[in-house]
Every structure is written in C-alpha cells, then in structure tokens.
Amino acid sequence: MKRTVERLLITGFLLLSAAFAARAQKSAPRQQALKISAENLSAHMPRTDSTHVLPGDTVRYRLLFTNVSSGAVHGIVLDNPIPAGLRYQVGSAKSDRGDVAVLFSIDGGKSYSAEPTIDVVVDGRHEQHAAPSEMYTHVRWLVRGDVPKGAQLRAEYDALVPSVGAAPASLTK
Amino acid sequence: MLWTRSRSAARTLGTFAVASLLTLAAASRLHAQSPTPEGTVITNTATVSFTDANGNTYSSVSASVNVTVGFVAGVTVTGPNTATPASPSTLNTVTYTIQNIGNGTDQVQAAENISVGGVITVNHYVFNATNYATLAALNTALAAANITQNSTIQVQVVYDVAANKGGVATVYTLTATSVRTNTVNANKATTITPAQTFAVSVTPDGGQNLQKLPSNGTNYTFTFTVNNTGNGADNFNLVASHTGTAVTIVSVNGVAGTSTAVAIAASSSTNIDVVYSVGNVAAGTTDNIVLAATSVGDNTKTDNGTADLTVIRPAIAMGKAAYRDDQATLINTTDLVVPNEYIQYKISVTNSGASGATSVAIADNLPAQLAFVSATGDAAGWTISNAGNNVSASLTTTLAAGASRFIWIRAQVK
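In this text, all values refer to a predicted model and were calculated from it rather than measured experimentally.

A. Summary view of the overall build of chain B. Counting its secondary structure elements, chain B contains 3 helices and 31 strands. Within chain B, the fraction of its 414 residues that count as buried is 29%. When contacts within chain B are restricted to residue pairs at least 6 apart in sequence, those whose partners lie at least 24 apart make up 74%.

B. Here's a closer look at helix 3 (residues 135–143) of chain B. Residues and elements named next belong to chain B. Taken together, the buried positions of helix 3 are occupied by Leu138, Asn139 and Leu142. Down the axis of helix 3, the buried set is contained in an arc of 95°. They therefore lie on one face. Turned more than 90 degrees from where helix 3 packs its buried face, Ala136, Thr140 and Ala143 sit exposed. Looking at the buried positions of helix 3, the neighbouring elements they touch are strand 9 (108–114), strand 10 (120–127) and strand 11 (130–132).

C. Region of interest: the sheet that holds strand 20 (residues 255–256) of chain B. Residues and elements named next belong to chain B. A sheet is described by the order of its strands in space; here 5 strands give the open sequence 15-17-22-19-20, paired in antiparallel fashion. Where the open sheet ends on each side, the last strands, each with one partner, are strand 15 (200–203) and strand 20. Sheet topology note: the strand 19 (residues 247–252)/strand 20 ladder contains 2 bridges and is antiparallel. Bridge pairing links Ser251 to Ala256 in strand 20.

D. Expanded view of the environment of A:Asp96. If you trace the backbone, A:Asp96 turns up in the loop between strand 6 (94–95) and strand 7 (100–105). Between the C-alpha atom of A:Asp96 and that of A:Leu153, which follows or precedes it by 57 residues, the distance is 6.6 Å.

E. Fine view of the pairing of strand 19 of chain B. Two strands pair when backbone bridges link them, and strand 19 of chain B and strand 22 (residues 269–278) of chain B are joined in this way by 5 bridges, in the antiparallel orientation. Across the sheet, B:Val252 pairs through a bridge with B:Val274, a residue of strand 22 of chain B.

F. Looking closely at the confidence of the model for chain A. Taken residue by residue, chain A gives an average pLDDT of 79. The fraction at 70 or more is 72%. Of the regions scoring below 50 in pLDDT, residues 166–173 of chain A engages in 27 contacts with residues more than four places distant in sequence or in other chains.

G. Broad picture of the pairing of strand 17 (residues 220–228) of chain B. Both strand 15 of chain B and strand 17 of chain B contribute to a ladder of 4 bridges, which runs antiparallel. Each bridged residue has a counterpart across the sheet, and for B:Val200 the counterpart in strand 17 of chain B is B:Asn228.

H. Representation of unusual backbone geometry in the model. With an omega of 0°, the peptide bond running from B:Ser87 to B:Pro88 counts as cis. Tracing the sequence through the fold places B:Pro88 in the loop between strand 7 (82–83) and strand 8 (89–100). Omega for the peptide link from B:Thr203 to B:Pro204 comes to 0°, which places this bond in the cis form. Among the secondary structure elements, B:Pro204 is positioned in the loop between strand 15 and strand 16 (210–212). We note that A:Asp123 has phi near 50°; this positive angle belongs to a residue other than glycine. Not every positive phi belongs to a glycine, and B:Ser267 is a case in point at roughly 50°. Structurally, B:Ser267 is set in the loop between strand 21 (259–264) and strand 22.

I. The sheet that holds strand 21 of chain B, seen in detail. Residues and elements named next belong to chain B. Across the sheet, which stays open at both edges, the 5 strands sit in the order 16-24-23-18-21 with mixed pairing between neighbours. Strands at the two margins of the open sheet, each flanked by one partner only, are strand 16 and strand 21. Across this sheet, the average inter-strand angle for adjacent strands is 30°, counted without regard to direction. Where strand 23 (residues 286–295) and strand 24 (residues 302–311) come together, 9 bridges link them in antiparallel fashion. Following the sheet pairing, Ala292 is matched in strand 24 by Asn304.

Reading the values: the criteria
- Residues numbered from 1 in each chain as written.
- Chains lettered and ligands numbered in written order.
- Predicted model: local features only at pLDDT ≥ 70, side-chain atom pairs only at ≥ 80, totals over all residues.
- Helix = DSSP H or I, 4+ residues; strand = E, 2+ residues; numbered from the N terminus.
- Buried ≥ 20, exposed ≤ 12 C-beta atoms within 10 Å, placed from the backbone.
- Contact = placed C-beta atoms within 7 Å.
- Arc of directions from axis to C-beta.
- Pairing = 2+ DSSP bridges.
- pLDDT = per-residue confidence, 0-100.
- Axes fitted to C-alpha atoms, helices over the stretch in contact; angles between N-to-C directions.

The following block contains the structure:
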C-alpha cells in the first residue's frame, strides 16, 4: 500500500511538473517582455512627438526587455530589422550591459557580424572593406549572461530618414 | 548604467566575429533612393528570444513602434549653362526644368534676375504649352500646378536680344521656390552671351587729290574714319603706310610710328589722325597714304582707307621790260634813249607752279648810266626800298599759283 501511495505521489508530481513545463514552453511570460519606442532626435521636431519624422531626421529606437518570467533567463537575442527606408547610423547601437555583443546583418538576416565587410576588387585584388551603412539590414544584440527575474535590458540604435536633395544609396531590402 | 557600444563588445565576444562577406555583385543592389514619401508610416518591429535557467525555450516576443514621415520641400532647377543668341534677335528660348525633390506634392513660384540690363528682354514665358506675358501670370499658373514627388515641369523663357550686344554677357537666373515651404528654393543661372560679329571699314578710299608741298619741317595730318561695323565692342590694330616715295608716316592717332590700336564701341566710329611729312621731291610726285584697320576679335576682318597725294611746288618766272616814261611805250633793243630822259622798267613775277609762293622778293641793281628816281608797285602788297641804284621789292602777300605781279622803277638816263 505504502509503495502504491508513493508511486501515485511520484506519478502525480511528474504529471504536474510536465504540465508546468509544457505550459512554460508554449506560452510567453504574462507581462509585456519587450517594448520599443522611437524618438526623433532632430531639433526641429518636439522631443515629445516621437510619431512624426522628416526626411533628414534621425530616429533613436529604444528597446526595453524586461524579464517578466518567474526566474532568470539567458540566451537572450534581440533582433531588430532596420525598417525599410531608414539607414542605420554606424556606431550608434549599444546596450546597458557589458556582456552584450552587437551584431549586424547586411544580407537580410542570414548572417551576422560585428563589422560587416564587403569584398572589393582593387587593382585586380580582392580586399575586405567595411560595408557602407546603407547596406545594414538588421541589428542583433546577443546577451551572454543571465537576466535575473524582474531585471531589464536596454538597447538602442539610431537610424536616419533619407533626406531630400541628397542622392543616398540604400540596400534593397 | 553601463552602455556598451557595438565594436568593443564584439571584440570581447570574438565567437561572434564572423565577418559577413558581400561581394560587389551584391553591392550592386544598392540603388538611388528618393526621400521617404510624406505620410509613409514606418513600422519598426523588434523580437526577443530567450531561454530560462533550465534551458526551456519560450515563444519569441515582438514589439512594434510606428513613426509617420512628414513633409519636407525640395526643389531643383536645371537648364543650360550658356546661350549664344544673335544680336539683334527675337524669340530665343531657354528651357528650365523644375523638379520636386521633396517628399510630397508641392507647387512652385518662379522669380528671375538679369545681371546686366539692356542685353536681353523677356518676351514671354511658356508653361504647359501656354504663353504667359508676365512673370505674375506665369506664377498664377504655377500656383495651380501640383508637382508630385520627383516629378518635373518645364518653363521656357522666351527672350529678345538687343542690337549691338555681341559679346556682352548677362546672366539670367531662374529661381523656383516651394509654395508649401517658401524658404526652400533653387535656381539655375544661364550666361547669355550674344554672338559677336566682327567687321570694320575705313574711309575715305581715295579721291582727295591732296596737293602738298615738301614738308621742310612742317608735318601734315590726314584724318581717316574707322567704323566698327560689327555688333560688339572691338579693338582694332591700325597700321599706316604709303605706296610711293614722297610720304613718311610720322604718327597714327597720336602715337609715334606707323601703328597703334584703338577700341571702338559697336556700330560706332572714331577719327584717326595720320600725321605725315612730304619729302623734298619733285613737283608732281604722287603717293598714297593708307590706313589699315584689323579687328582684334577676328583678324580676318580688315579694311584699308586711302588718301592720294601729289607733291606741288611754286614756280616763279620773272620778266623785265623797259618803257618810255609813259609806261606804255616799250623800248625795244634797237630803240635809243637820250641823256636826261626818264625811262621806266617793268619788273614782273609770275607763279607758274601749282602752289602759292610766299616771300617773293625782287632785287634790281640799275646800271650806272641810270639814276634811280622812284619805284611803285602794281597794287598794294609791295614793300619797296632802294639804296642808290639798288632797288629791293618784297611782296608781302602770297603770290598765288598762276598769279602775276609787277613793279615799276623809274630812272633817269645820265
């Protein structure tokens, strides 16, 4: 009898654990884990008006990740495709943690690199040159460490709205 | 808060430092991009993925934010840099293309400036195949013409060119200003330089029959007229010469020597004095003074003016005849005179040359068998004196070519 009760308790515990695990895999944390905001950095627009930009303006996108789960999380990857029509401002991407690597894609998110390069043929020789900013398609933040329960991670970057009168080049996205 | 920029962080995590390679072929996908159109909503969606401490994976979480693109005006004006219409001419056309490089539909207003007045006059404007007599009328039409993003319109400026403006440049500037943002404008300047034609004529061309004495220190001046018959201001090289042996050129237009230069306005003329001397050559010697003017702008344009000249001299012939005291009865060589008889000598001078003679003087020394009594001239103008039988008579006036004068000397036979 005692063994039977033990088996039932173990079985029940396992079922409950499996049920909790299955729930954890299929559903997102209850609170909003990611927020993104935009700020127009250009002086001619009110800082409070983040919803309107003009060609030539620089928009700062801020990403805020909050660990709303019940425990620490790790392996955090923040991906942000640069919106079509905007141009990434080289050097602007950063985060508020030291264990974050910022990577970029210039091929639509297929591959990432901290410093994307392009192959340029100069005098018949292949050389690796830094990719121009207009070729950037994605920004990715890779967090090496854990983010404790309730902690936040901030990341941001700037993007330029192509201006009037310039002859900008942009990667077809 | 510790903010880590991308490159330093990437170096600490070399694991991720896998360079993405993109060949130039891929780079060729780069293309020119117009400004984002007004009203475009730009949606930025970020995604986060993570695991928990036990390696459980969670569904990715996304968030988005929208921004809307407002209006920024942009205008360009293109047109020719230069134009070279004829002068005079009418209904010349210069075409300007106005493009809306802003990010929304706009209209423009036109303004113009002409740097140098009097060269061109705007006749009218053409927009959408319609003529507008004034800029105000054109602008009324332009105000109603919506130009969508990246679209263009054309404005033709039809102008006339005044006469005699060859080579006179003026800059016509057309400025287009955005109606929606009137601080945004662009302009195009066209330098209009009417084509210059070069031509010259020098007058007269002979027929003067100048008659000049040998200079003997006295120079002569002949005035030519140099006409700039081109349509623009020009400089002309002047060279004086002569075809014969009588003349020596002294100066041209006040400059010693045979050459100089002068600037003459379009369709204007200037008088050029050529100073020359005549050598001590025989009467009747002929020569031609030539002034050649050559355009500096086009040295194939040249013309000569000519003055023809003949050297003249006076030629004096003297006659002396003896008369009875009645001044009418000629004493021939076979006639006799008697002591104490009064006789009179008629001494005449005749200028048979082509030039008047001045300082004509007669000297007559009566023979010792005679005693001087008196002397008179034929008319006013003689100054007569004597020292015994030596009689002197000077004509104070010019003895014109072909003219003849005489004096009477009365003497008594001893």
